[in-house]
Amino acid sequence: MAKRLQLYTAGLAFALLLTGASFLVAQSQLLWGPGIPVGLAVLAIAQMGVHLVFFLQMSSGPDNANNSLALAFGVLIVTLVVGGTLWIMAHLDANMTPMRTLMEMSR
Amino acid sequence: MTATLTNARGSARAADASQVADPLTGGPATVEITVAYGFWIFLLSDIVMFSAVFAAYAVLSSRTAGGPSGQSLFDLRNVGIETLSLLFSSFTCGVAVLAAENRRMGTFYAGMALTFTLGAVFLGMEISEFARMIGAGAGPSRSAFLSAFFSLIGLHGAHITIGLLWLCFLVAQTLVKGPKPFVLRRLGCFSLFWHALDIVWVALLSLVYLMGAR
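The shown structure was predicted, so the numbers you read here are calculated from the model rather than taken from an experiment. (Residues numbered from 1 in each chain as written. Chains lettered and ligands numbered in written order. Predicted model: local features only at pLDDT ≥ 70, side-chain atom pairs only at ≥ 80, totals over all residues. Heavy atoms only, no water.)

S.K.: Break down the overall build of chain A for me, with residues and values.
M.R.: Along the backbone of chain A there are four helices and zero strands. Put simply, chain A runs from its N terminus to its C terminus through helices and strands in the order α-α-α-α. At 21 Å, chain A has a C-alpha radius of gyration far larger than the 13 Å of a compact globule built from 107 residues. Dimensions of chain A, computed from the C-alpha atoms along their principal axes, are close to 75 × 40 × 20 Å. (Helix = DSSP H or I, 4+ residues; strand = E, 2+ residues; numbered from the N terminus. Rg over C-alpha atoms; globule rule 2.2 N^0.38 Å.)

Next up, the structure:
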């Protein structure tokens, strides 16, 4: 019990640290302007990792192999859905007739 | 186990007579492990659903149709308090379930009460934020950006609402039945659910609020 309580406490400390860092990066000039979204994404992914390891307490133990595989599959699907949507929609947007031209054509 | 995905063999539980470990393969897995695995699959499918709404938001977030953008709508101080409530409630939830597994029922009930309170604080702030935005003419019908925003944040809020109801149900069940193995398994699933919602919130915080408020 003591070991798992330690994990929770360490996780809380890490999560607080990373959340604070996210707010700091978003609201200050510490990072170069165009790099801020990248910085926020990195901090968010780091915090998700902290939650998985310290709160959900995933490990590399044999009892946990299926959980890790399922997680890997989930990450694959989420990446395909989000990345694919953004990619396709950006291209569709770029290939569309601009709204102003469309309005003039319909007159 | 119950509270977490791993570490299943340590906690007290009644061994199921049908599950005698095979000395060669180590299987079959205990019911604690299979239940957590099944629930983990459900959670991942839930996260896949979130990712679809999330993708819609990412595409539509700049389509404000001349209406207000995130920069004028988001109040980062409120969002910060929401984030802290959810994070601490995730922590107290984990500690409470751990306490129940070790038969420290006083700590369990106190932890669950804290978890509920912090979750309710989060939900209350989110609802008042929605009310404030709708009152200011920035409701979900105003623009594609706001439709996507209300869908995404509302979906997370609906999960939190269900989680709070589930928490009450589980505490009542623990009061009536005591920390029996099947009650502990359910508590463990709830703990996984609550932690997963916190993971989803991390994504929402960073990509919706922190980037949107800039």
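Next comes the rest of the write-up.
S.K.: Lay out the packing of aromatic side chains with the relevant residues and their values.
M.R.: Residues and elements named next belong to chain B. Under the definition given, this model contains 19 aromatic pairs over all chains. Seen from their ring centres, phenylalanine 122 and tryptophan 201 are 4.9 Å apart, and the 90° between their planes marks the pair as edge-to-face. Of this pair, phenylalanine 122 sits in helix α4 (residues 105–135) while tryptophan 201 sits in helix α6 (residues 181–212); the two residues are 79 residues apart in sequence, bridging distant segments of the chain. An identical accessibility class is assigned to phenylalanine 122 and tryptophan 201; each is buried. Three or more aromatic residues link up through ring pairs in this structure, and these residues are Tyr57, Phe74, Phe122, Phe130, Phe145, Phe149, Phe150, Trp201 and Tyr209. (Phe/Tyr/Trp six-rings, centres within 6.5 Å; stacked < 30°, edge-to-face > 60°. Buried < 20%, exposed > 50% of the residue type's maximum accessible area, 1.4 Å probe, protein only.)

S.K.: Break down the interface of chain A and chain B for me, citing the residues and quoting the values.
M.R.: With 43 residues of chain A in contact, the opposing surface of chain B contributes 49 residues. Across the interface of chain A and chain B, roughly 4,100 Å² is buried in total on both sides, 77% from carbon and sulfur atoms. On the chain A side of the interface with chain B, the three residues burying the most area are A:Met1, A:Arg4 and A:Leu56, jointly 17% of the side's total. B:Glu101 is paired through a salt bridge with A:Arg4; the nearest N and O atoms lie 3.2 Å apart. Counting the contacts that link chain A with chain B gives three residue pairs in polar contact (both at pLDDT 80 or more). Elements supplying a minimum of two residues to the side of chain A that touches chain B: α1 (2–27), α2 (36–55) and α3 (65–95) of chain A. The element contributing the most residues to the side of chain A that touches chain B is α3(A), with 13 residues. (Contact = heavy atoms within 4.5 Å. Buried area = accessible area lost by both parts, 1.4 Å probe. Salt bridge = Lys/Arg side-chain N within 4 Å of Asp/Glu carboxyl O. Polar contact = N/O pair within 3.5 Å; in protein donor to acceptor, adjacent residues only side chain to side chain.)

S.K.: Residues and numbers for helix α5 (residues 144–177) of chain B, please.
M.R.: For an α-helix the count is 3.6 residues per turn, leaving residues at separations of three or four pointing the same way. Counted at 1.5 Å a residue, the expected span for α5(B) with its 34 residues is 50 Å, and the 49 Å between its end C-alpha atoms agrees. Positive backbone phi, at 80°, marks B:Gly178, one or two positions downstream of α5(B). (Expected span 1.5 Å × (residues − 1).)

S.K.: Give me unusual backbone geometry: which residues, what numbers.
M.R.: Of note in the backbone geometry, A:Gln57 takes a positive phi value of approximately 50° without being a glycine. You can see A:Gln57 is positioned in the loop between α2 and α3. You can call A:Gln57 buried: its relative accessible area is 2%. A positive phi angle, close to 50°, is found at B:Ala65, a residue other than glycine. Within the fold, B:Ala65 resides in the loop between α1 (31–60) and α2 (70–73). Judged by relative accessible area, B:Ala65 falls into the exposed class, the value being 59%.

S.K.: So what's going on with the packing of helix α3 (residues 76–101) of chain B against α6(B)? Which residues, and what values?
M.R.: A pair of packed helices is captured by two measures, namely the crossing angle of their axes and the spacing between those axes. All names here are of chain B. For the pair α3 and α6, the least separation of the axes is 10 Å and the interaxial angle reads 160°. The angle between α3 and α6 places the two elements in the roughly antiparallel class. For the pair α3 and α6, the crossing hand works out as left-handed. Looking at the contact of α3 with α6 residue by residue, the class counts come to 15 nonpolar, seven polar and three charged. (Axes fitted to C-alpha atoms, helices over the stretch in contact; angles between N-to-C directions. Parallel < 35°, antiparallel > 145°, perpendicular 65-115°, else oblique. Left-handed = near helix turned anticlockwise from the far one by under 90°. Nonpolar A, V, L, I, M, F, W, Y, C, P; charged D, E, K, R; others polar.)

S.K.: Please set out α1(A) residue by residue, giving values where relevant.
M.R.: Relative to the 38 Å expected for 26 residues at 1.5 Å per residue, α1(A) spans 38 Å between its end C-alpha atoms, a close match to the ideal helical length. Residues of α1(A) that are buried: A:Arg4, A:Tyr8, A:Gly11, A:Leu12, A:Ala15, A:Leu18, A:Thr19, A:Ser22, A:Phe23, A:Val25 and A:Ala26. Contacts from the buried residues of α1(A) go to α2 of chain A together with α3 and α6 of chain B.

S.K.: Report on the environment of B:Phe74, specifying residues and quantitative values.
M.R.: Residue and element names in this part refer to chain B. Along the chain, phenylalanine 74 falls in the loop between α2 and α3. With a relative accessible area of 8%, phenylalanine 74 lands in the buried category. Through-space distance from the C-alpha of phenylalanine 74 to that of glutamate 129 is 8.9 Å; in sequence the pair is 55 residues apart. Not counting chain neighbours up to four residues away, the residues in contact with phenylalanine 74 comprise Tyr57, Glu129, Phe145, Phe149, Val208, Tyr209, Gly212 and Ala213.

S.K.: Explain the state of the cysteines to me, using residue names and the numbers behind them.
M.R.: Residues and elements named next belong to chain B. In total, this model carries zero disulfides over all chains according to the counting rule given. Note on cysteine 93: no disulfide assigned, nearest cysteine sulfur contributed by cysteine 189 at a separation of 12 Å. Note on cysteine 168: no disulfide assigned, nearest cysteine sulfur contributed by cysteine 93 at a separation of 13 Å. (Disulfide = S-S within 2.5 Å.)

S.K.: Tell me what's going on with the packing of α3(B) against α4(B), and back it up with residues and numbers.
M.R.: Residues and elements named next belong to chain B. Where α3 contacts α4, the two axes come as close as 8 Å, and the packing angle between them is 160°. Taken as axis vectors, α3 and α4 run roughly antiparallel relative to one another. Considering only the axes of α3 and α4, their crossing is left-handed. Of the residues belonging to the contact of α3 with α4, the class tally is 16 nonpolar, eight polar and three charged.

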